[in-house]
Amino acid sequence: VQLQASGGGLVQAGGSLRLSCTASGRNFGSYVMGWFRQPPGKERELAAAISWSSGGTYYADSVKGRFTVSRDNAKNTVYLQMNSLKPEDTSVYYCAGADTTWYGGPLSARNMDYWGKGTQVTVSS
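Each value, and the rule that gives it
- Residues numbered from 1 in each chain as written.
- Predicted model: local features only at pLDDT ≥ 70, side-chain atom pairs only at ≥ 80, totals over all residues.
- Heavy atoms only, no water.
- Core = buried A, V, L, I, M, F, W, Y, C linked by side-chain atoms within 4.5 Å.
- Buried < 20%, exposed > 50% of the residue type's maximum accessible area, 1.4 Å probe, protein only.
- Helix = DSSP H or I, 4+ residues; strand = E, 2+ residues; numbered from the N terminus.
- Phe/Tyr/Trp six-rings, centres within 6.5 Å; stacked < 30°, edge-to-face > 60°.
- Lys NZ or Arg CZ within 6 Å of the ring centre and 35° of its normal.
- Pairing = 2+ DSSP bridges.
- Axes fitted to C-alpha atoms, helices over the stretch in contact; angles between N-to-C directions.
- Disulfide = S-S within 2.5 Å.

Chemist: What's the story with the nonpolar core in this structure? I'm lost.
Modeler: One recurring pattern in soluble globular proteins is that nonpolar side chains are buried together. The biggest cluster of nonpolar side chains holds 28 residues, and the ones touching the most others in it are M33, W35, V69, L80 and M82. Mapped by element, the contributors of at least two residues to this core are strand 1 (2-6), strand 3 (17-24), strand 4 (31-38), strand 5 (45-51), strand 7 (67-72), strand 8 (77-82), strand 9 (91-99) and strand 11 (119-124). When residues in this core are grouped by element, the largest group, 4 residues, is from strand 3. By size, the runner-up hydrophobic cluster in this structure holds 9 residues, among which are V32, A98, W102 and M112.

Chemist: Whenever I open this one, the packing of aromatic side chains confuses me. Can you help?
Modeler: The description of an aromatic ring pair uses the distance of the two centres, along with the angle that the planes make with each other. Applying the stated rule across the entire model yields 5 aromatic pairs. Aromatic ring contacts, followed pair by pair, group F28, Y31, W52 and Y114 into a single cluster. Just above the ring of W115 sits the side chain of R44; from NZ or CZ to the centre is 4.7 Å.

Chemist: Got a minute to help me understand the sheet that holds strand 1 in this structure?
Modeler: Paired through backbone hydrogen bonds, the strands of a sheet run either parallel or antiparallel to each other. Spatially, the 4 strands line up as an open sheet ordered 1-3-8-7, and their pairing is antiparallel. Edge positions in the sheet fall to strand 1 and strand 7, since each of these pairs with one other strand and no more. In this sheet, neighbouring strand axes are inclined to one another by 15° on average, regardless of whether the strands run parallel or antiparallel. Summarising the sheet, strand 7 and strand 8 pair through 6 bridges and their orientation is antiparallel. Within strand 8, the residue paired with S70 across the bridge is Y79.

Chemist: Even after reading the chapter, I still don't get unusual backbone geometry, so can you show me in this structure?
Modeler: Peptide bonds are trans in most cases, and residues, glycine excluded, mostly fall at negative phi. Positive phi, normally seen in glycine, also occurs at N76, with a value near 50°. One can find N76 in the loop between strand 7 and strand 8. Among the residues examined, N76 registers a relative accessible area of 27% and is labelled partly exposed. One non-glycine residue, S84, adopts positive backbone phi at about 50°. Position of S84 relative to the elements: it lies in the loop between strand 8 and strand 9.

Chemist: Would you mind going over the state of the cysteines with me for this structure?
Modeler: Joining two cysteines, a disulfide is a covalent bond between their sulfur atoms. Per the counting criterion, the structure on display carries 1 disulfide. In this model, C21 is linked to C95 through a disulfide, with the two sulfur atoms separated by 2.1 Å. Measuring the twist about the S-S bond at about 60°, one finds the C21-C95 disulfide to be right-handed. Here C21 is found in strand 3, whereas its partner C95 is found in strand 9, with 74 residues between them in sequence. A single burial state applies to C21 and to C95, both of which are buried.

So, in structure tokens, the structure goes:
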């Protein structure tokens, strides 16, 4: 199983980036996918999540209204569109998947089954 994340970079405050996470190695139809981030010196936290089957989503309050998570089933890819970026969004972003029944609430990093390598997002002020 592989999760390949890409799309990070350096952007000015107010700018946008789109992260991609391509999954391979198994059928992810029953999975929930999460975008986590880990700012320097802090614990890994959930930014957004999406059900691969239903498309249902969840957003942390800190990103609600600015980030949009989506998926393309045909491409086995999950996206995180990040708009109106702030310096506090600076972090390493990780995609992760869990084969679990998900009721739409926040996900814990320790409950995820698979992780991709992180991609750095840096927002300058």
